[in-house]
There are 2 protein chains.
Amino acid sequence: MFIHTKNVNTHLTEIKDYFKVAISVDCVIFGFDDAELKVLLIESDLKEFKGKWSLLGDIVRPDEDLENAAYRVLQARTGLDDVYMEQVQTFGALNRHPGGRVITVAYYSLVNIEHIELKNLSNELHWHSVKDVQQMEMAFDHRLILDTCLRRLQHQVIEQPVGFNLLPKKFTLRELQNLYEAILDMKLDRRNFRKKFFAMDVLIDLNEEEEEVPHRPAKLYKFNADRYAQQKKKSLGF
Amino acid sequence: MFIHTKNVNTHLTEIKDYFKVAISVDCVIFGFDDAELKVLLIESDLKEFKGKWSLLGDIVRPDEDLENAAYRVLQARTGLDDVYMEQVQTFGALNRHPGGRVITVAYYSLVNIEHIELKNLSNELHWHSVKDVQQMEMAFDHRLILDTCLRRLQHQVIEQPVGFNLLPKKFTLRELQNLYEAILDMKLDRRNFRKKFFAMDVLIDLNEEEEEVPHRPAKLYKFNADRYAQQKKKSLGF
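Residues numbered from 1 in each chain as written. Chains lettered and ligands numbered in written order. Predicted model: local features only at pLDDT ≥ 70, side-chain atom pairs only at ≥ 80, totals over all residues. Heavy atoms only, no water.

- An unreviewed UniProt entry lists chain A under the name 8-oxo-dGTP diphosphatase, with Chitinophaga skermanii given as the organism.

What follows is the structure, given as structure tokens:
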């Protein structure tokens, strides 16, 4: 069967008939609090999804690009604009939105919960433990979006030190391990974990200890971004 | 400043005003031929991009989802439908398309060039060495899309054996190394490469040798998909 190029590469004149889709961004905002991985959700205000939880998102405006839209949503909800954000996947199933064909571009963000002051925001916004959310009903295909972003985070955290975005600038090895266990949802062997992390050589020993803790104060570390950047270059030399 | 939820979570009635975008898919179809990584391109048929090369793509129809659209484009152009395909990134810069607001979802595909018969297709379709393309002008933002997909392939090939999709079912270690060198665009040390690959234990020695070659016949291998699946599970145990 001979395929006309016209059927596949749509000419400019034909494109005119197809400007009928809406684009949105949905942000999976992860935070780490007290050994639990959390996600920021809002109660859906659509009657179709009454009582269900929703990711934070919005339609992309005609005068902004995708990343601007995602940062706008983040800023409006958390007051933050300087956070780690990564585009994960675009969801375009036919009936994902009751209002019509809405394609959504999902981003995940990693924030340090302590830095967020939710005082300017409506009171329908809440941090939920990611584990608890697995049991809850969500609006639209947000369960699928959340799971996809969580899997991406789980893969990223093993291959790159993105997890550091979720910790305070100075942290203990216990906190670091709690973070990995919370993200990967598994208990890790303490000695193995420390051995692996030191072998990666991406931590700086600050020669400081925790203060005002009820237990024996542990040493504080921070992430060595420069060392990581150097290593990354080397590893691609296979 | 009090932020109305309405400004951020757009109500159903407001969404109505935003169905004005078109969605397309663009496929970066990689092939490996004779020690070179190649990409399948078409001459752009838009007057704005006369003489420039274009990725294969199309508008997403109202009755199909994103993945179906990508497979449709691939099938129409190459005759193949059983190929490795991965969604990479969505591009939504304001002026990327002269026809209006067109957001494109980019996929990359890995095909074995020997399997593709381009006989049903128009004669504007060509395989180009990825290296040569760096010097060529491309339509739209296809240079950016191609570079993004190439970087994704480079990262993937180090972490997962996706590269096997580009090889024949049975291959020699020389061909495997040629593939990695072509994708990563760097010469690798032969002994180190073989040592690393055997350590990964994802190859099956077929106890066969190449036939009809002018040089000394080398051993043939194939990819051990089961072994890889097992290892993947173990590695996530950190």
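## Comments concerning helix H5 (residues 142–159) of chain B
Then, in step 1: Between the first and last C-alpha of H5(B) there are 26 Å, a value that for 18 residues agrees with the 26 Å anticipated at 1.5 Å per step.
Then, in step 2: Buried residues of H5(B): His142(B), Ile145(B), Leu146(B), Thr148(B), Cys149(B), Leu150(B), Leu153(B), Gln154(B), Gln156(B) and Val157(B), and no others. (Helix = DSSP H or I, 4+ residues; strand = E, 2+ residues; numbered from the N terminus. Expected span 1.5 Å × (residues − 1). Buried < 20%, exposed > 50% of the residue type's maximum accessible area, 1.4 Å probe, protein only.)

## Quick notes on unusual backbone geometry
Residue and element names in this part refer to chain A.
Then, in step 1: Positive phi outside glycine occurs at Asp201, with the angle close to 60 degrees.
Then, in step 2: Within the secondary structure, Asp201 sits in the loop between helix H7 (190–200) and strand E8 (203–209).
Then, in step 3: We classify Asp201 as partly exposed; its relative accessible area is 33%.

## Some words on the pairing of strand E6 (residues 102–111) of chain B
Looking along a regular strand, one sees the side chains alternate between the two faces of the sheet.
Residues and elements named next belong to chain B.
Then, in step 1: Of all 10 residues making up E6, 10 are buried, and the element is well covered by its neighbours.
Then, in step 2: Neither face of E6 is exposed, since Val102, Thr104, Ala106, Tyr108 and Leu110 on one face and Ile103, Val105, Tyr107, Ser109 and Val111 on the opposite face are all buried.
Then, in step 3: Relative to E6, strand E1 (residues 22–33) runs parallel, the two being bridged by 10 bridges. Across the sheet, Cys27 pairs through a bridge with Tyr107, a residue of E6.
Then, in step 4: Of the pairings in the sheet, the one linking strand E5 (residues 84–91) to E6 comprises 7 bridges and is antiparallel in character. By the bridge assignment for E6, Thr90 is matched with Val105. (Pairing = 2+ DSSP bridges.)

## Quick word on the UniProt feature "domain: NrtR DNA-binding winged helix" (unreviewed entry) in chain A
Then, in step 1: As recorded in UniProt, the feature "domain: NrtR DNA-binding winged helix" (unreviewed entry) lies at residues 163–223 of chain A.
Then, in step 2: For residues 163–223 of chain A, the helix share is 38%, the strand share is 20%, and the end-to-end C-alpha distance is 10 Å. (UniProt positions renumbered as here; feature names shortened; annotations may be inferred.)

## Let's talk about the domain arrangement of chain A
Residues and elements named next belong to chain A.
Then, in step 1: Considered domain by domain, chain A is made up of domain 1 (11–158) and domain 2 (170–235).
Then, in step 2: Measuring from the centre of the C-alpha atoms in domain 1 to the corresponding centre in domain 2 gives 29 Å.
Then, in step 3: Counting residues at the interface gives 10 residues for domain 1 and 8 residues for domain 2.
Then, in step 4: Across the domain 1/domain 2 interface, buried area totals approximately 790 Å², and carbon plus sulfur atoms make up 74% of it.
Then, in step 5: It is Phe32, Gln154 and Val157 in domain 1 that bury the most area against domain 2; as a group they hold 55% of the surface buried on that side.
Then, in step 6: For the pair domain 1 and domain 2, the interface holds 1 salt bridge.
Then, in step 7: We note a salt bridge from Lys131 to Asp185, for which the minimum N-O separation is 3.1 Å.
Then, in step 8: Applying the counting criterion to the domain 1 and domain 2 interface returns 3 residue pairs in polar contact (both at pLDDT 80 or more).
Then, in step 9: Of all the secondary-structure elements, those providing two or more residues to the side of domain 1 that touches domain 2 are strand E2 (36–43) and helix H5 (142–159).
Then, in step 10: Broken down by element, the side of domain 1 that touches domain 2 gets its largest block of residues, 5 residues, from H5.
Then, in step 11: Of the residues in the side of domain 1 that touches domain 2, the class split is 7 nonpolar, 1 polar and 2 charged. (Domains from an automatic or database assignment. Contact = heavy atoms within 4.5 Å. Buried area = accessible area lost by both parts, 1.4 Å probe. Salt bridge = Lys/Arg side-chain N within 4 Å of Asp/Glu carboxyl O. Polar contact = N/O pair within 3.5 Å; in protein donor to acceptor, adjacent residues only side chain to side chain. Nonpolar A, V, L, I, M, F, W, Y, C, P; charged D, E, K, R; others polar.)

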